[in-house]
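Okay, here's what each chain looks like letter by letter:
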Amino acid sequence: MSDLRHLMSPMDFTVEELERMFDVAVDIENNMEAYSHKCDGKIMATCFYEPSTRTRLSFETAMLRLGGKVIGFADANSSSAAKGESVSDTIRVISCFADICAMRHPKEGAPMVAASKSLIPVINAGDGGHQHPTQTLTDLLTIRSLQGSLSNFTIGLCGDLKFGRTVHSLINALVRYENIKFIFISPPELRVPDYITEMLQIRGIEYKEVIKLEDVMPELDLLYMTRVQKERFFNEEDYIRLRNFYILDKAKMEKAKPTMHVLHPLPRVNEISVDVDDDERAAYFKQVQYGLYVRMALILTLLDMTDDHVNEGLLKKY
Ligand code: CP
């Protein structure tokens, strides 16, 4: 079992391993049919203790597109968690049925507990306000595809930077690349956590914190919008006060560079006006598509099935 690999954080893979996974994802994008039987006979379990549209359906589509099959639950109340079964016991049971498991859980660290007891690879599909590594893989592949590289740009992260796990994972992943400047745009109550700004200071990485989105729009190469996370607020009043703090609209887009791209992990609530969707710089639905390719590449990587399956060109490259 010593070779068993899980994905708990984007940092579980080196930059070189990620590059290789992204190359496989791009190959999948261009040669989808060539991958359609790579996981024949394999089963993925999706264990979602918290709601999801993209992540769960993207994993399930990824396994189906690879020729595998899918089992799982989308609601903890329809599983034996409702009877008090622990995550540790659940994963030991799932290990008897499936070859790989994607797990989302409202409690930080729950997928890690599962991984420690699992006999199959476990993928953290989001744990509380902590990490969302496959969203980060999606974001990195999207940025690499749009910008041509994962270095040398200014990224604005806007909205709920306190509870947004996608933001925390993405910052942790981006600090490993060259010459990236961070601009954090949030109300004071939803500032990025101190442990992140302290980490940036220690690493000597440039960042600033601002409240007004309009003021920094012209500086940005990428704008990563996020939703205010209703489910993580302790009181309704604060949520209602902050939920519409930022609304990206056509007028604000006019202040941005013609080459700036807008990303969003989705779901969107009000923070991006629908009239921005037609702007060619709006890349959030493309981002969903990249999420499928990178999850297919991740499944192949964790099942150790890439080398004999990637096309000849990729094999030559490594
Ligand atoms: N981006 C994301 O995690 O979306 P879902 O909550 O719909 O999975």
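Please refer to the structure higher up on the page.
Remember, it's a predicted structure, so these values are computed and weren't measured experimentally.

## Here's the deal with the site of the ligand
Thinking step 1. As a structural note, the neighbourhood of the ligand is formed by S52, T53, R54, T55, R104, H132, Q135, P265 and L266.
Thinking step 2. Here L266 contributes a backbone N or O atom positioned 2.9 Å from a nitrogen atom of the ligand.
Thinking step 3. The residue makeup of the shell around the ligand, split by class, is two nonpolar, five polar and two charged.

## As for the pattern of salt bridges
A side chain of one charge can pair with a side chain of the opposite charge when the charged atoms of the two come close.
Thinking step 1. Tallied over the entire structure, the rule returns 14 salt bridges.
Thinking step 2. In this structure, D194 and R191 form a salt bridge, with 3.6 Å as the shortest nitrogen-oxygen distance.
Thinking step 3. On the accessibility criterion, D194 (44% relative accessible area) is partly exposed.
Thinking step 4. Taken together, the salt bridges that share partners define one network made up of K181, E206, K208 and E219.

## Some remarks on the packing of helix α6 (residues 165-174) against helix α7 (residues 194-203)
Relative orientation and spacing of two packed helices are given, respectively, by the angle between their axes and the distance between those axes.
Thinking step 1. Running from N to C, α6 and α7 point in directions that differ by 10 degrees, and their axes come no closer than 11 Å. Here α7 runs roughly parallel to α6, going by the angle between their axes. Side by side, α6 and α7 meet where H168, I171 and N172 of the first sit next to Y195, I196, M199 and L200 of the second.
Thinking step 2. Taken together, the residues of the contact of α6 with α7 sort by class into five nonpolar, two polar and no charged.

## Some points on a nonpolar patch on the surface
Thinking step 1. A cluster of nonpolar side chains, namely I71, V93 and F97, defines an oily patch on the protein surface of about 250 Å² accessible area.
Thinking step 2. By relative accessible area, which is 33% here, I71 ends up partly exposed.

## Focus on α6
Thinking step 1. Counting buried residues in α6 gives 10 out of 10 residues, a clear majority hidden from the surface.
Thinking step 2. Those residues of α6 lying buried are R165, T166, V167, H168, S169, L170, I171, N172, A173 and L174.

## Here's the deal with the nonpolar core
Thinking step 1. Ranked by internal contacts, the top residues of the largest apolar core, which has 61 residues, are I155, L157, I171, F182 and I299.
Thinking step 2. Ranked by the residues each element gives to this core, the list is headed by helix α11 (residues 284-302), at 10 residues.
Thinking step 3. Apart from the residues lying within four places of it in its own chain, the contact partners of L157 are V167, L170, I171, F182, I183, F184, I185 and Y224.
Thinking step 4. In terms of nonpolar packing, the next biggest core, distinct from the first, is built from 21 residues, C158, L223, M253 and Y284 among them.

## Some points on the side chain of E60
Thinking step 1. Within the secondary structure, E60 is located in helix α2 (residues 54-65).
Thinking step 2. Since its relative accessible area comes to 16%, E60 is described here as buried.
Thinking step 3. In contact with E60, not counting residues within four places along its chain, are T46 and V70.

## Focus on the pairing of strand β6 (residues 180-185)
Thinking step 1. Judged by how many residues are buried, β6 sits mostly within the fold: five of six residues are covered.
Thinking step 2. Both strand β5 (residues 153-158) and β6 contribute to a ladder of six bridges, which runs parallel. Paired with G156 across the strands is I183, a residue of β6.
Thinking step 3. Chirality of the crossover, the property in question, places the unit of β5, α6 and β6 among those that are right-handed.
Thinking step 4. Handedness of the crossover joining β6 and strand β7 (residues 207-210) through α7 is recorded here as right-handed.

## Thoughts on the packing of helix α3 (residues 87-94) against helix α4 (residues 110-117)
Thinking step 1. Across the interface, α3 lies against α4 with an axial gap of 8 Å and an inter-helix angle of 50 degrees. One finds that α3 runs oblique with respect to α4. The interaxial crossing formed by α3 with α4 has right-handed handedness. For the pair α3 and α4, contact is made by V87, S88, I91 and R92 and by A110, V113, A114 and K117, respectively.
Thinking step 2. Here the contact of α3 with α4 is built from residues that sort into five nonpolar, one polar and two charged.

## Section: the side chain of D160
Thinking step 1. Relative to the assigned elements, D160 resides in the loop between β5 and α6.
Thinking step 2. Here the side chain of D160 touches K162 through a polar contact of 3.2 Å, landing on its backbone nitrogen.

## Details of the sheet that holds β5
Thinking step 1. Pairing is parallel across the open sheet formed by five strands, whose spatial order is β7-β6-β5-β8-β9. The sheet is open, and its two edges are formed by β7 and β9 (261-263), each paired on a single side. The sheet shows a mean angle of 20 degrees between the axes of neighbouring strands, direction not considered.
Thinking step 2. Across four bridges, β6 lies against β7 in parallel orientation.

## Remarks on the sheet that holds strand β2 (residues 69-73)
Thinking step 1. Taking strand neighbours across the sheet as the criterion, the four strands line up as β2-β1-β3-β4 in an open arrangement whose pairing is parallel. Among the strands making up the open sheet, the edge pair consists of β2 and β4 (122-127). On average, adjacent strands in this sheet sit at an angle of 15 degrees to one another, irrespective of strand direction.
Thinking step 2. Pairing between strand β3 (residues 100-105) and β4: four bridges, direction parallel. By the bridge assignment for β4, A102 is matched with I123.
Thinking step 3. Each of β1 (43-48), β2, β3 and β4 is contacted by α2, which is oriented at about 175 degrees to β1, the strand it contacts most.

Reading the values: the criteria
- Numbering of residues starts from 1 in each chain and follows the order in which that chain's sequence is written.
- For this predicted model, a pLDDT threshold of at least 70 governs which residues receive local features, and a threshold of 80 or more governs which side-chain atom pairs are given and counted, while totals over whole chains, interfaces and linings are taken from all residues.
- Heavy atoms from the whole structure form the basis of all side-chain values; hydrogens and water molecules are not counted.
- Here a residue is considered near a molecule or strand provided that any single heavy atom belonging to it is located within 4 Å of it.
- Pairing of N or O atoms within 3.5 Å defines a polar contact, subject to two protein rules: one partner must be a possible hydrogen donor and the other a possible acceptor, and residues neighboring in sequence count only if both atoms are side-chain atoms.
- Residue polarity is assigned by list, with Asp, Glu, Lys and Arg as charged and Ala, Val, Leu, Ile, Met, Phe, Trp, Tyr, Cys and Pro as nonpolar; anything else, Gly included, falls into the polar class.
- What counts as a salt bridge is simple: a side-chain nitrogen of Lys or Arg found within 4 Å of a carboxyl oxygen of Asp or Glu.
- Each residue gets one of three labels from its accessible area relative to the maximum for its type: buried under 20%, exposed over 50%, partly exposed in between, using a 1.4 Å probe on protein chains only.
- Note on geometry: axes are lines fitted to C-alpha atoms, helical ones only across the stretch in contact, with angles between N-to-C directions running from 0 to 180 degrees.
- Only runs of H or I of at least four residues qualify as helices and only runs of E of at least two qualify as strands under DSSP, and these elements are numbered from the N terminus.
- An angle below 35 degrees is treated as roughly parallel, one above 145 as roughly antiparallel, one from 65 to 115 as roughly perpendicular, and anything else as oblique.
- For this analysis, residues touch if any pair of their heavy atoms sits within 4.5 Å.
- Patches here: salt-bridge-free residues with over 30% relative accessible area, like charges joined within 9 Å, nonpolar side chains (Val, Leu, Ile, Met, Phe, Trp, Tyr) joined within 5 Å.
- Calculation of accessible area relied on Shrake-Rupley with a 1.4 Å probe; when residues are assessed, cover is drawn exclusively from the protein chains displayed.
- To form a nonpolar core, buried Ala, Val, Leu, Ile, Met, Phe, Trp, Tyr and Cys residues must be joined to one another through side-chain atoms within 4.5 Å.
- Strand pairing is assigned whenever DSSP detects at least two bridges linking the two strands.
- A clockwise path from the first strand over the helix to the second, with the strands pointing away from the viewer, defines a right-handed crossover.
- For any helix crossing, the convention is left-handed if the near helix is rotated counterclockwise from the far helix by under a right angle, and right-handed if that rotation is clockwise.

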